[in-house]
Amino acid sequence: MATANLISLLRICSSSRSILQGKLVHQKMLSLGLRNDANLCKNLINFYFSCHLYESANLVLQTIEIPFEISLWNGLMAAYTKNFMFVEALELFERLLVCADLVPDSYTYPSVIKACGGSGRVDFGKMVHTHLVKSGFLLDVVVGSSLVGMYAKCNLFKCAQQLFDEIPVRDVACWNAVISCCYQDGRPEKAVEYFEKMRNAGFEPNSVTLTTVIASCARLLDLEKGKEIHKELIRSGYVLDGFVSSSLVDMYAKCGCLDMAKEVFDQITTKNVVAWNSMITGYSLKGNSKSCIELLLRMNDEGTRPTLTTFSIILLACARSVQLQHGKFIHGYITRNYTESDIFITSLLIDLYFKCGIVSSAKNVFKTIPKGNVVSWNAMISGHVTVGNYLEALGIYDSMKEAGVRPDAITFTSVLPACSQLAVLEKGKEIHNSIVENKFEKDKVVMGALLDMYAKCGAVDEALVVFLGLPGRDLLSWTSMISAYGSHGQALEALKLFSEMLRSNVRPDGITFLAVLSACSHAGFVDEGCYYFNQMVTEYGIKPVKEHYSCLVDLLGRSGRLHQAYQILQRNEEIRGDVGLLNTLLSACLLHREYDMGVNIASLLLEEDPDDPSTYIILSNIYASDKNWDQMRKVRLKMKEQGLKKNPGCSWIEINKKIHPFFVEDKLQPRGEIYECLKILKIHMEKSGLYPTLNQTSLSHIFLYLN
């Protein structure tokens, strides 16, 4: 009777966390000689843990004269695990193993396994797994389920799945563990498959199961499967909790079914922040920043405080829709309500301002934040590349290195396109060295960007070395290498590589065919180009877009088959009046002396854009080549009357890893050797008879070619 009363008192002290009264009960236990009573000791351990007196709990076990009751060890171990004291739990288990008269039982192992998972001690977990196999406890459903969960927490998803397939007895927790494993491992289709197996085995899914499988449908964008699960829940009368409802909102939103997402969302009586964020995400994916902000205000009115994730989602919507005013509103809201800045939010703000073309605002945001994190530097580099400020992007990269910030994969994939666009090979090589120093040679995305940079800089040999050393060749890397060959006069190698790609069972897309057609165009392979164009349409079912037609028209134009090219334009309504294609054909008319067709095409172009100086210039040159001087003068006079001038050409040269830009007839370059080099080139070219009357404009474009 005394024992029962003391246990009752200890439980009251535990729930009320009454330390003094609990210690008095402990004192009474000792005075009654009950220090070795297992039930009392277990309750005493729980009391001390509830009051966070962990050392006192440990002393209870140590002061028992003969601690051979396994339930006491289990109680203390469970208490340690429940309070996230995983190291202490494992140390206690090791002490237990050296006690000759004690053997762990099925209640011991779940706590130990949980401690292994919580502390990431997979080595210890595997040792416990061996114990379980030898002792036969792996047949216990709770133990087996715990072990599957441990492997999942340690990110050993294959081990977890293999173990699940081997254990004979499973419970809902075990099914949940393996479904969660597949989802976390990036295999949502496998998660859905296990969910179906679970239902077929007669198990009733719980909230955890449903949340994970619905999230898997969202990741797969499998609206039909998600709807099927939802309908089954309604049919069975399942009461949706906040987690399942939020998952449904997220699934419908990500699958673009906003009406259903809103219907489920409105049915949630108490909306948590996850539900709000899921609904906002749906509108964000559509670029509907206005609806995102309306939900934010409603969220505030209903008493839910937005998180940084909420603002991230809305800022992404503003950037997608290029809604500067909405973005400024969110910027102001964050400034007013949050004192501490978040590096990811500020990076999204920088991205927003760049996408809206407000470079000065992006720079101002960057000035206000600490410069020790690579994320903000990456945002500035990629932002400048986005708006075409390639020199500034390289300058930011250099400043980042000077600030001692270590570049990451995103840094390199952001800065390399700037080198590609400027064709600054030496800078690209410098960045390549940095990639090697920072051990990113195995990163497919980084090496793909490096390959593209070498290709666009004309360094075909270097591009090939990178291509051959890639850890895995995807469609993008094959396309980059084909483009490198094709753009630099090695069309046969490009076509050979394309054939090799097809033999590797890599299916080409429209961009790959564009690279192949471009290679044929540069080399004048007319028949081959037509063959690949037809292959793209008939064998691969790829609908040609403007760029494909441009290559085909250019190819036919270069070979003098102008009437055939013009017929292609006339036959296809979607490209018939395309200015870019007509310009390509107009240049070909001048080259092949098809003056009548050239005049007709120029008339069409001037109807579309009467203020384009380039059309007037080519038309003027056509009349001049045809010795139609009166018409040439009329065209020149019209240009003068309308105040049309050709934009001056800009070029640049890289000297000692520094880029020097200059314009046509630019005399302001401080480095005189640039002009000396131009004069030498002029003399050599005139001697070779290439340009009998070479002017300054032509010379300024030479460097663009050389770079």
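Draft legend 1. Representation of unusual backbone geometry in the model. Not every positive phi belongs to a glycine, and Arg 17 is a case in point at roughly 55°. Take Arg 17: its relative accessible area is 54%, and that puts it in the exposed class. The phi dihedral of Leu 221 falls on the positive side, at around 55°, and the residue is not glycine. Secondary-structure assignment places Leu 221 in the loop between helix 13 (207-220) and helix 14 (223-236). Exposure remark for Leu 221: the relative accessible area of 54% places this residue in the exposed category.

Draft legend 2. Molecular detail of the packing of helix 23 (residues 374-386) against helix 24 (residues 390-402). Following both chains from N to C, one finds helix 23 and helix 24 inclined at 165°, their axes separated by 7 Å at the closest point. Taken together, helix 23 and helix 24 sit at an angle that is classed as roughly antiparallel. Here the hand of the crossing between helix 23 and helix 24 comes out left-handed. Where helix 23 approaches helix 24, its residues Val 374, Trp 377, Met 380, Ile 381, His 384 and Val 385 are matched on the opposing element by Tyr 390, Glu 392, Ala 393, Ile 396, Tyr 397, Ser 399 and Met 400.

Draft legend 3. Geometry of helix 28 (residues 460-468). Buried residues of helix 28: Val 460, Ala 463, Val 466 and Phe 467, and no others. For helix 28, the buried positions fall inside an angular range of 120° around the axis, keeping them on one side. Exposed side chains of helix 28 directed beyond 90 degrees from the buried face belong to Asp 461, Val 465 and Leu 468. In this structure, the buried side of helix 28 is in contact with helix 26 (425-437), helix 27 (444-456), helix 29 (475-487) and helix 30 (491-503).

Draft legend 4. Region of the structure containing helix 33 (residues 546-558). Its 13 residues give helix 33 an end-to-end C-alpha distance of 18 Å, which sits within 8% of 18 Å, the value for a rise of 1.5 Å per residue. Contact partners of the buried residues in helix 33: helix 31 (510-523), helix 32 (526-538), helix 34 (562-571) and helix 35 (579-591). At the exit of helix 33 stands Gly 560, carrying a positive phi of roughly 90°.

Draft legend 5. Focus on a negative patch on the surface. Together, Glu 607, Glu 608, Asp 609 and Asp 611 make up a negatively charged patch on the protein surface. Tracing the backbone shows Asp 609 in the loop between helix 36 (595-608) and helix 37 (613-625).

Draft legend 6. Representation of the environment of Asp 241 within the structure. As for its position among the elements, Asp 241 is in the loop between helix 14 and helix 15 (242-254). For the pair formed by Asp 241 and Ala 317, sequence separation is 76 residues and the distance between their alpha carbons is 28 Å. In terms of polar contacts, Asp 241 uses its side chain to reach the side chain of Ser 207, at 2.5 Å.

What counts as what
- Residues numbered from 1 in each chain as written.
- Predicted model: local features only at pLDDT ≥ 70, side-chain atom pairs only at ≥ 80, totals over all residues.
- Heavy atoms only, no water.
- Buried < 20%, exposed > 50% of the residue type's maximum accessible area, 1.4 Å probe, protein only.
- Helix = DSSP H or I, 4+ residues; strand = E, 2+ residues; numbered from the N terminus.
- Axes fitted to C-alpha atoms, helices over the stretch in contact; angles between N-to-C directions.
- Parallel < 35°, antiparallel > 145°, perpendicular 65-115°, else oblique.
- Left-handed = near helix turned anticlockwise from the far one by under 90°.
- Contact = heavy atoms within 4.5 Å.
- Arc of directions from axis to C-beta.
- Expected span 1.5 Å × (residues − 1).
- Patch = residues over 30% accessible without salt bridge, like charges linked within 9 Å, V, L, I, M, F, W, Y side chains within 5 Å.
- Areas by Shrake-Rupley, 256 points an atom, 1.4 Å probe, with all protein chains shown as cover.
- Salt bridge = Lys/Arg side-chain N within 4 Å of Asp/Glu carboxyl O.
- Lys, Arg positive; Asp, Glu negative; His and termini not counted.
- Charge placed at Lys NZ, Arg CZ, Asp CG, Glu CD.
- Polar contact = N/O pair within 3.5 Å; in protein donor to acceptor, adjacent residues only side chain to side chain.

Read these as geometric descriptors, not functional statements.
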